[in-house]
Amino acid sequence: MTTMNLADLVDAYGSPLYVYELDDVASAAHELRRALPQPSTLYYSLKANPHPLIARTLRQAGCHAEVSSQGELAAALEAGFTGAEFLYTGPGKTRAEIADALDAGATRFSVESVGDYRRVAEVAEERGTTAQCLLRLNASESHGASGLRMTGTASQFGTDSAALIAAPELFAPRPGAHVIGMHFFALSNARDAESLLDSLVFSITEAARVHRACGLPLTYVDLGGGFAAPYATQGERPDYSGLREPLEAALDKCLPGWRRGDTTVAFESGRHLVGGSGQLVCTVSDIKRSRDRTYVVLDTGINHLGGLAGLGRLLPMRASAVSTRPGKEQADTKRERVAMVGPLCTPADVLARDTDLPQVDEEGLLAFPNVGAYGLTASLIGFLSRPVAAEVVLNAGRTVDASRIELRRTTLTPSTHRRDPEPAFYQQEFEK
């Protein structure tokens, strides 16, 4: 298909429209893999963007797949990932999804608790296989600055390090599963490279400390991520080329033998790999003034971008947009302070309360950059029953795919599946 500019794409597929560039995805993957210790494995976290063509590009760039739902598993399979390339994660895995993962060939699971470990083992045993489990740890401390901290305090994620050291026998091998190592995910979207390095080095140190204290196997350690990227505003993804040397030094000190494969080292990334690949193109529906404020009303809102922020579940949106006028430099256009709002019938539908925007007219096009991660599928796509934004994938500027997710109601028949039995005693086992 021929190369199109953004206005041509909107003419062809409508507005609003997500546009992803696969070249950027591949470049980000190669850059990050070069910045990490060698040898190591890099997982792509499909929660950032489960589009199969994006996931396929990352597989071709050497990444494995971290998935945490049946939908992400299906997308990863469509992208070409095979069982040995999966890490199945999440704090609420059901028997049905564990079974689906095993049937797809996945055998590596991150387990969050005694109950999670038991459930994986039981389903694997029923299928005549053995699951390799990483025990996710809630570390004793937190390190590094981040917008979202996920360890070092009471959490639904992971098993407390102190509890594991006190009762390691609870994670002894079982029929159907055995623990092969540890899984950490201390923070998300690290504030800077120094914070990320601090967090990763502490996780390495914690893995060695817990291993010495309780003898938990350590043939595999997933150090998680925290690799950052700008979101819905202009900017470049951070340069992490300075990470490799100090991380390798920390591994040499704490996990000797990792270079020869005694311990497999892994990392995870979502937003850093795909955030810069995407932009959301939208149309100005109305421009109105209310008292001393100017509102630019768009045909997109928290149903397509930043929906969780709109509900106050994440930091408020502070999006910024650029004009898509062909051949028009931003510096040549008049700019004004406006609020950018969406079309939904709620005051929460705000993408930016006070932003500097190039002067636009009704029916003009704007684009939000750096939304390849946590864009469409992290939004309220079912709210107010408006159409879902289309998605177009480009490769070297050429359109290779155009599609739209659809929400539809289907008739269900009664299921024969029982809910997972949950013995009341297992939550108390650590207290014995």
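In case you missed it, the structure is sitting above this.
A brief look at the structure comes next. (Residues numbered from 1 in each chain as written. Predicted model: local features only at pLDDT ≥ 70, side-chain atom pairs only at ≥ 80, totals over all residues. Heavy atoms only, no water.)

This brings us to the packing of aromatic side chains. Inspection of the entire model under this criterion finds five aromatic pairs. With 6.5 Å between their ring centres and 45 degrees between their planes, Phe81 and Phe86 make a pair best called tilted. For the pair Phe81 and Phe86, a shared accessibility class is recorded, and that class is buried. For the ring pair Tyr88 and Phe109, a centre distance of 5.9 Å and an interplane angle of 40 degrees mean the geometry is tilted. Of this pair, Tyr88 sits in strand β4 (residues 86-88) while Phe109 sits in strand β5 (residues 108-111), placing them 21 residues apart in sequence. Residue class for Phe109 comes out buried when judged on its relative accessible area of 0%. (Phe/Tyr/Trp six-rings, centres within 6.5 Å; stacked < 30°, edge-to-face > 60°. Buried < 20%, exposed > 50% of the residue type's maximum accessible area, 1.4 Å probe, protein only. Helix = DSSP H or I, 4+ residues; strand = E, 2+ residues; numbered from the N terminus.)

With that settled, the discussion passes to the packing of helix α2 (residues 22-35) against helix α3 (residues 52-60). Each packed pair of helices is defined by two parameters, the angle between the axes and the distance between the axes. The contact between α2 and α3 brings their axes to 9 Å, and the two run at 35 degrees. Crossing geometry of α2 relative to α3 is assigned as right-handed. Taking contact as the criterion, the partners of Leu22, Val25, Ala26 and Ala29 in α2 are, on α3, Leu53, Ile54, Thr57 and Leu58. Residue composition of the contact of α2 with α3, grouped by class: seven nonpolar, one polar and no charged. (Axes fitted to C-alpha atoms, helices over the stretch in contact; angles between N-to-C directions. Left-handed = near helix turned anticlockwise from the far one by under 90°. Contact = heavy atoms within 4.5 Å. Nonpolar A, V, L, I, M, F, W, Y, C, P; charged D, E, K, R; others polar.)

The contact between helix α8 (residues 193-214) and helix α9 (residues 244-254) brings their axes to 10 Å, and the two run at 10 degrees. Classed by the angle they form, the pair α8 and α9 counts as roughly parallel. Along its contact with α8, which presents Leu197, Leu200, Val201, Ile204, Thr205 and Ala208, the element α9 presents Pro246, Leu247, Ala250, Leu251 and Cys254. (Parallel < 35°, antiparallel > 145°, perpendicular 65-115°, else oblique.)

Take helix α6 (residues 114-126) next. Its 13 residues give α6 an end-to-end C-alpha distance of 18 Å, which sits within 8% of 18 Å, the value for a rise of 1.5 Å per residue. Burial analysis of α6 places 10 of its 13 residues in the buried class, the great majority of the element. Buried within α6 are the following residues: Val114, Gly115, Asp116, Tyr117, Arg118, Arg119, Val120, Ala121, Val123 and Ala124. Buried residues along α6 sit against α5 (95-103), β5, β6 (131-138) and β9 (177-183). Two to three positions downstream of the cap, the backbone nitrogen of Gly115 sits 3.4 Å from a side-chain oxygen, assigning the N-cap of α6 to Ser113. Where α6 ends, the next residue or the one after it, Gly128, has phi of about 70 degrees, a positive value. (Expected span 1.5 Å × (residues − 1). Polar contact = N/O pair within 3.5 Å; in protein donor to acceptor, adjacent residues only side chain to side chain.)

To continue, consider the pattern of salt bridges. Scanning the model with the defined rule gives 17 salt bridges in all. For Glu66, the salt bridge identified is with Lys47, shortest N-O distance 3.0 Å. Here the residue Glu66 occupies a position in strand β3 (residues 64-67), and Lys47 occupies one in the loop between β2 (41-45) and α3, the gap between them amounting to 19 residues. Judged by its relative accessible area of 35%, Lys47 falls in the partly exposed class. Measuring nitrogen to oxygen at the nearest pair gives 3.9 Å for the salt bridge that ties Arg119 to Asp116. With Arg119 and Asp116 both in helix α6 and three residues apart, the pair spans about one turn of that helix. (Salt bridge = Lys/Arg side-chain N within 4 Å of Asp/Glu carboxyl O.)

Our focus in this paragraph is the nonpolar core. Core analysis: the biggest nonpolar cluster contains 104 residues, and Tyr44, Phe109 and Phe368 have the highest contact counts within it. In terms of residues, this core owes the most to one element, α8, which gives seven residues. Discounting residues that sit within four places of it in the chain, Phe109 has contacts with Leu87, Tyr88, Lys93, Ile98, Ala101, Leu102, Val120, Ala131, Gln132, Cys133 and Leu134. Residues Val322, Leu365, Ala367 and Val392 belong to the second largest nonpolar core, which totals 12 residues. (Core = buried A, V, L, I, M, F, W, Y, C linked by side-chain atoms within 4.5 Å.)

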